[in-house]
Amino acid sequence: MSRIGKLPIAVPSGVTITIDDDNLVTVKGPKGTLSQKVNKDIEVKQENGVLSVNRPSDSKPHKSMHGLYRALIANMVKGVTTGFSKTLLMEGVGYRATAEGKKLTLAVGYSHPVVFEAPQDVSFETPAANRIIVHGIDKQVVGAIAADIREVRKPEPYLGKGIRYEDEHIRRKEGKAGKK
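Residues numbered from 1 in each chain as written. Predicted model: local features only at pLDDT ≥ 70, side-chain atom pairs only at ≥ 80, totals over all residues. Heavy atoms only, no water.

**Student:** How would you explain the packing of aromatic side chains if you had to name every residue and give the values?
**Tutor:** As enumerated under the stated definition, the model contains 0 aromatic pairs in all. The ring of tyrosine 165 has lysine 86 sitting right over it, with the charged end atom 5.2 Å from the ring centre. When the ring centre of tyrosine 110 is taken as origin, the NZ or CZ atom of arginine 153, which lies over that ring, is 4.4 Å away. (Phe/Tyr/Trp six-rings, centres within 6.5 Å; stacked < 30°, edge-to-face > 60°. Lys NZ or Arg CZ within 6 Å of the ring centre and 35° of its normal.)

What follows is the structure in structure tokens.
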């Protein structure tokens, strides 16, 4: 049995989950609504405020989908209740970010500013000029946008300049050896 797939998902108060005949799971909560199409072989049941995901057999495809769909549904429940966030740090002289409404503007050493538009249910926050926080209810979208922002100016290994995740460690290289 899948260690992740067999775990029940607790449904907090204020969250409603609907499962239609086509195996479309819709989660509504205080922060928004998310939907996920589940494979027809995987069974999703809701009983007494607990959601369970079951598979029909121990075949390889069913085993792999079991934990996947349980994790996706659990992330949807967490997203509509508390949400997700990723923090990015900018290092470099003159590197700064500003968030204005649904737009994030980056100045990272190019001749022009780089502008990001936030999709629906995603917001940007810049508590400091070199710190970016991406908030949203969909874990996949938040991670993808944070990766796109990081891609603008990846951290380089010599000086550490660039945009990196808050918990990311950059392995630093030694520069050229001088003459003796």
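That was the structure; now back to the text.
**Student:** With reference to specific residues and values, describe the sheet that holds strand E7 (residues 84-91).
**Tutor:** Reading across the sheet, the 4 strands line up as E11-E12-E7-E13 and stay open at both edges, with antiparallel pairing between neighbours. Two strands close off the open sheet at either side, each with one partner strand: strand E11 (122-128) and strand E13 (162-165). Strand after strand, the sheet turns through a mean of 25° between neighbouring axes, direction not considered. With 4 bridges joining them, E7 and E13 adopt antiparallel strand pairing. (Pairing = 2+ DSSP bridges. Helix = DSSP H or I, 4+ residues; strand = E, 2+ residues; numbered from the N terminus. Axes fitted to C-alpha atoms, helices over the stretch in contact; angles between N-to-C directions.)

**Student:** So, the pattern of salt bridges: which residues are in play, and what are the values?
**Tutor:** Note that side chains of opposite charge can pair when their charged atoms are close. As enumerated under the stated definition, the model contains 8 salt bridges in all. Measuring nitrogen to oxygen at the nearest pair gives 2.9 Å for the salt bridge that ties arginine 55 to aspartate 58. Here glutamate 117 and lysine 103 are joined by a salt bridge, their closest N and O atoms 3.8 Å apart. Residue glutamate 117 is found in strand E10 (residues 114-117), and its partner lysine 103 is found in strand E9 (residues 103-107); the two are separated by 14 residues along the sequence. Judged by its relative accessible area of 51%, glutamate 117 falls in the exposed class. (Salt bridge = Lys/Arg side-chain N within 4 Å of Asp/Glu carboxyl O. Buried < 20%, exposed > 50% of the residue type's maximum accessible area, 1.4 Å probe, protein only.)

**Student:** How would you summarise the environment of glutamate 166 if you had to cite specific residues and measurements?
**Tutor:** The topology assignment puts glutamate 166 in the segment after E13. A relative accessible area of 39% places glutamate 166 in the partly exposed class. Here the alpha-carbon distance between glutamate 166 and alanine 128, two residues 38 residues apart in the chain, equals 13 Å. Leaving out residues up to four positions away in the same chain, glutamate 166 has contacts with Thr87, Leu88, Leu89 and Arg131. (Contact = heavy atoms within 4.5 Å.)

Note that all results are geometric; they support no functional claim without further evidence.
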